[in-house]
Amino acid sequence: MIRVGLALLALAVPAAAQDFSAGSEAQSWNLYAEAPARFEATVVDPLCMMSGDCPADCGGGARQLALLRTDDSVLVMPLKNNQPLFTGAPNELAPFCGAAVEVDGLMLTDPDLALRNAYQVQKIRRQGDAEWTKANQWTKDWTARNAGADGKGAWYLRDPRIRAAIAANGYLGLGPEADKAVLEDAN
């Protein structure tokens, strides 16, 4: 328990207001407290780092992954990729498990919100590689897993898991009868 506490304390140390914007080509998303950030890091499994539970391939896509920044050993949490929804960071990082990479994206930090080192990865490449990979793999992976979910609208309107949850629990999570009552009140 002490080891985990010390690890968490080490991760909580601020990055001393370092500026990682040099060379960044990240596109602004007009997110609150965003700043362009390009840096080198190692792709890690944070649960493995803190608990010693270390499955092969950083959990094979079943875990959130992180970036251990080379310059200052700060753990950066990529919470989204280069797509509109807050999804996809593990899909982008999984092929680079344990590898030294360079990333370019947006860092979100605001002490008033206790927000520190949340990252939107837009591009990634192995250190030394010339070509960047655009961070948009999540939708490709979803499409491959859900080949029968054709139709109009965004992916989440067609996702079989989401449709099954709505059918069972309603849109509000309170059951179809609760949805019906709300819709009747709205009219």
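Computed from a predicted structure; not experimentally measured.

Description of the nonpolar core
Phase 1: Ranked by size, the top nonpolar core spans 20 residues in total, and within it Phe39, Leu67, Val101, Val103 and Tyr119 carry the most contacts.
Phase 2: Contributing elements (two or more residues each) for this core: strand 1 (34-44), strand 4 (100-110) and strand 5 (115-126).
Phase 3: With 4 residues, strand 1 is the largest single contributor of residues to this core.
Phase 4: When near neighbours in sequence (up to four residues on either side) are disregarded, Val101 contacts Phe39, Glu40, Ala41, Val43, Leu67, Phe96, Ile124, Arg125, Arg126 and Gln127.

With respect to the packing of aromatic side chains
Phase 1: Scanning all chains against the criterion turns up 5 aromatic pairs.
Phase 2: Relative to Phe39, the ring of Phe20 has its centre 5.8 Å away and its plane inclined at 65 degrees; by these criteria the two rings are edge-to-face. Note that Phe20 is positioned in the loop between helix 1 (2-12) and strand 1 and Phe39 in strand 1, a separation of 19 residues in sequence. Judged on exposure class, the residue Phe20 and its partner Phe39 are both buried.
Phase 3: One aromatic cluster is present, built from ring pairs that chain together Trp138, Trp142, Trp155 and Tyr156.
Phase 4: Geometry around Phe39 places Arg69 over its ring, the cationic atom sitting 5.4 Å from the centre.
Phase 5: Over the face of the ring belonging to Trp132 we find Lys123, whose NZ or CZ atom lies 4.8 Å from the ring centre.

Here's the deal with the side chain of Glu92
Phase 1: For Glu92, the location among the structural elements is in helix 3 (residues 89-93).
Phase 2: No salt bridge is formed by the buried Glu92; the nearest opposite charge belongs to Lys140, separated by 7.6 Å.
Phase 3: In terms of polar contacts, Glu92 uses its side chain to reach the backbone amide nitrogen of Asn136, at 3.3 Å.
Phase 4: Setting aside anything within four residues of it in sequence, one finds Glu92 in contact with Asn81, Val121, Ile124, Lys134, Ala135, Asn136, Gln137 and Trp138.

Here we look at the state of the cysteines
Phase 1: Under the definition given, this model contains 2 disulfides.
Phase 2: Disulfide pairing places Cys48 opposite Cys54 at an S-S distance of 1.9 Å. Between Cys48 and Cys54 the sulfur-sulfur dihedral comes to about 85 degrees; the bridge is accordingly right-handed.
Phase 3: With a sulfur-sulfur separation of 2.1 Å, Cys58 is cross-linked through a disulfide to Cys97. Between Cys58 and Cys97 the disulfide shows an S-S torsion of about 80 degrees. By sign, it is right-handed. One end of the pair, Cys58, is in the loop between helix 2 (46-51) and strand 2 (66-69); the other, Cys97, is in the loop between helix 3 and strand 4, and 39 residues separate them in sequence.
Phase 4: Cys58 sits in the buried class, given a relative accessible area of 8%.
Phase 5: Relative accessible area serves as the criterion here: at 29%, Cys97 is assigned to the partly exposed category.
Phase 6: Listing the disulfide partners of the protein by sequence rank of the bonded cysteines yields 1-2, 3-4.

What counts, and at which threshold
Residues numbered from 1 in each chain as written. Predicted model: local features only at pLDDT ≥ 70, side-chain atom pairs only at ≥ 80, totals over all residues. Heavy atoms only, no water. Core = buried A, V, L, I, M, F, W, Y, C linked by side-chain atoms within 4.5 Å. Buried < 20%, exposed > 50% of the residue type's maximum accessible area, 1.4 Å probe, protein only. Helix = DSSP H or I, 4+ residues; strand = E, 2+ residues; numbered from the N terminus. Contact = heavy atoms within 4.5 Å. Phe/Tyr/Trp six-rings, centres within 6.5 Å; stacked < 30°, edge-to-face > 60°. Lys NZ or Arg CZ within 6 Å of the ring centre and 35° of its normal. Lys, Arg positive; Asp, Glu negative; His and termini not counted. Salt bridge = Lys/Arg side-chain N within 4 Å of Asp/Glu carboxyl O. Polar contact = N/O pair within 3.5 Å; in protein donor to acceptor, adjacent residues only side chain to side chain. Disulfide = S-S within 2.5 Å.

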